[in-house]
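# Fold and contact review
Single-letter residue listing:
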Amino acid sequence: MKIRTRIACWNVRTLSEDSRLAQAGAEMLRYKLQILGLSEVRRNGFGEWRMSGGLTFLYSGKEDEEEVRENGVGFLLSDAAKKSLRDWKPISERIITSRSNSRARKITVVQCYAPTNLASEEDKDDFYSALNLTIKNICKQDIVIVMGDLNAKYTWNSPDGVTKNQIDRRGANIDGDHDLLVAKVRLKVAVTRPTNTTPKFEKRFEIIKLQDPVVGEAFKVSLRNRFSALEADYSSVNAEWNYIKMAYTETSSVVLGYKRHRREDWMSQRT
């Protein structure tokens, strides 16, 4: 008997309310999924929730939690998938990644939500540039799965001509107009060793503080001083880039600080 893992992606239109999240969790359990990628989550910030039924919810949205809730991506993981999770990264409000153990190799799943055709060319270019960079930065030994709502018709063919999967459209119900897309992958997730169970988060600076003129001026002064203190290296493009990156990173760390991600052990009693 071949070992298969059931994964799926779904545009849920919104999970801004806890009751909607509970509905999505119920559908995941009903279809016995291990990993469910979510588009249009519409939650700002990023974080991790433990839910009933042994599920875990990971999400990534707009950095400013006071902005209008739109876009947003995330994952729902079964208990087995959570135990296999090595780390995850909230790249942006349109891209999130997870990296897990399997019995073969590590698996990196990229869940994305692309701009629609009505979006500006700049927004489209920004998204695909970020997606390409995200994929480029994945460990070359990993099995990579890119899924989500790409707002376009596309075809994927295995490079070796051998790998096959089964894709079904399911009638999951969350009062939306998008189908749940399910695939059976010939891989088995494996439990991560206890010494490596803590998810890693991509730190984000509190850039919203720059809206304060006093903070903005302090940032400019500190950055100028930082450039003066660092020894410039123009021997190559990479060296120059590292010089600039170091100046901005150190200044942001001191003046702005990092955002805190939200982590809650259980969902609200409202669910």
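Keep in mind it's a predicted model, so treat the numbers as computed, not measured.

## Section: the overall build of the chain
The helix and strand tally for the chain stands at five helices and twelve strands. Taking contacts inside the chain between residues at least 6 apart in sequence as the whole, the part at least 24 apart equals 67%.

## Some remarks on the state of the cysteines
Taken as a whole and judged by the stated rule, the model has zero disulfides. Here Cys-112 is not cross-linked by a disulfide; its sulfur's nearest cysteine counterpart is in Cys-9, at 8.8 Å. By relative accessible area, Cys-112 is classed as buried at 0%.

## Side note on the nonpolar core
Core analysis: the biggest nonpolar cluster contains 21 residues, and Ile-7, Ile-35, Leu-58, Phe-75, Leu-77 and Met-147 have the highest contact counts within it. Elements with a minimum of two residues in this core: strand 1 (5-11), strand 5 (73-77), strand 6 (85-90), strand 8 (107-113), strand 9 (143-149) and strand 11 (180-185). Apart from residues lying up to four places away in sequence, Leu-58 is in contact with Gly-47, Glu-48, Val-73, Gly-74, Phe-75, Leu-77, Leu-85, Trp-88 and Ile-96. Among the nonpolar cores identified, the runner-up in size contains 20 residues, and Leu-15, Leu-38, Tyr-59 and Val-182 belong to it.

## Some thoughts on empty space enclosed by the protein
Counted by the stated rule, this structure contains one cavity of 30 Å³ or more. Taken as a whole, the largest cavity encloses approximately 50 Å³ of empty space. Contributing to the lining of the largest cavity are Thr-5, Ile-7, Ile-35, Ile-107, Val-109, Ile-145, Val-185, Leu-187 and Val-189. Here the residues of the lining of the largest cavity are counted per class, giving eight nonpolar, one polar and no charged.

## What to know about the pairing of strand 3 (residues 46-50)
With respect to burial, strand 3 is a largely interior element, four of its five residues being buried. Two elements, strand 3 and strand 4 (residues 56-60), share five bridges in a ladder whose sense is antiparallel. Bridge pairing links Phe-46 to Ser-60 in strand 4. In sequence, strand 3 turns back onto strand 4 through a hairpin of five residues, with Gly-53 there showing a positive phi of about 80°.

## Here we look at a negative patch on the surface
Among the surface-exposed residues, Glu-122, Asp-123, Asp-125 and Asp-126 lie close enough to one another that they form a single negatively charged patch. Considering the arrangement of structural elements, one finds Asp-123 in helix 3 (residues 121-136).

## Remarks on helix 1 (residues 18-30)
Over its 13 residues, helix 1 runs 18 Å from end to end, which matches the ideal 18 Å to within 8%, given 1.5 Å per residue. Within the sequence span of helix 1, burial applies to Asp-18, Arg-20, Leu-21, Ala-24, Gly-25, Glu-27 and Met-28. Where helix 1 is buried, its residues contact strand 1, strand 2 (35-39), strand 3, strand 4 and strand 5. A positive backbone phi angle near 55° is found at Lys-32, which sits one or two residues after helix 1.

## Digging into the environment of Gly-45
You can see Gly-45 is positioned in the loop between strand 2 and strand 3. Residue Gly-45 is classed as buried on the basis of its relative accessible area, which comes to 2%. It is 5.0 Å that separates the C-alpha atoms of Gly-45 and Glu-63, two residues lying 18 residues apart in sequence. Excluding residues within four positions of it along the chain, Gly-45 makes contact with Tyr-59, Ser-60, Gly-61, Lys-62 and Glu-65.

Rules of the game
Residues numbered from 1 in each chain as written. Predicted model: local features only at pLDDT ≥ 70, side-chain atom pairs only at ≥ 80, totals over all residues. Heavy atoms only, no water. Helix = DSSP H or I, 4+ residues; strand = E, 2+ residues; numbered from the N terminus. Contact = heavy atoms within 4.5 Å. Disulfide = S-S within 2.5 Å. Buried < 20%, exposed > 50% of the residue type's maximum accessible area, 1.4 Å probe, protein only. Core = buried A, V, L, I, M, F, W, Y, C linked by side-chain atoms within 4.5 Å. 1 Å grid on protein atoms, 1.4 Å probe; cavity = no way out; pocket = protein on both sides within 12 Å on 5 of 7 lines; lining within 4 Å. Points joined across faces, edges and corners; volume = space filled by probe spheres on them. Nonpolar A, V, L, I, M, F, W, Y, C, P; charged D, E, K, R; others polar. Pairing = 2+ DSSP bridges. Patch = residues over 30% accessible without salt bridge, like charges linked within 9 Å, V, L, I, M, F, W, Y side chains within 5 Å. Areas by Shrake-Rupley, 256 points an atom, 1.4 Å probe, with all protein chains shown as cover. Salt bridge = Lys/Arg side-chain N within 4 Å of Asp/Glu carboxyl O. Lys, Arg positive; Asp, Glu negative; His and termini not counted. Charge placed at Lys NZ, Arg CZ, Asp CG, Glu CD. Expected span 1.5 Å × (residues − 1).

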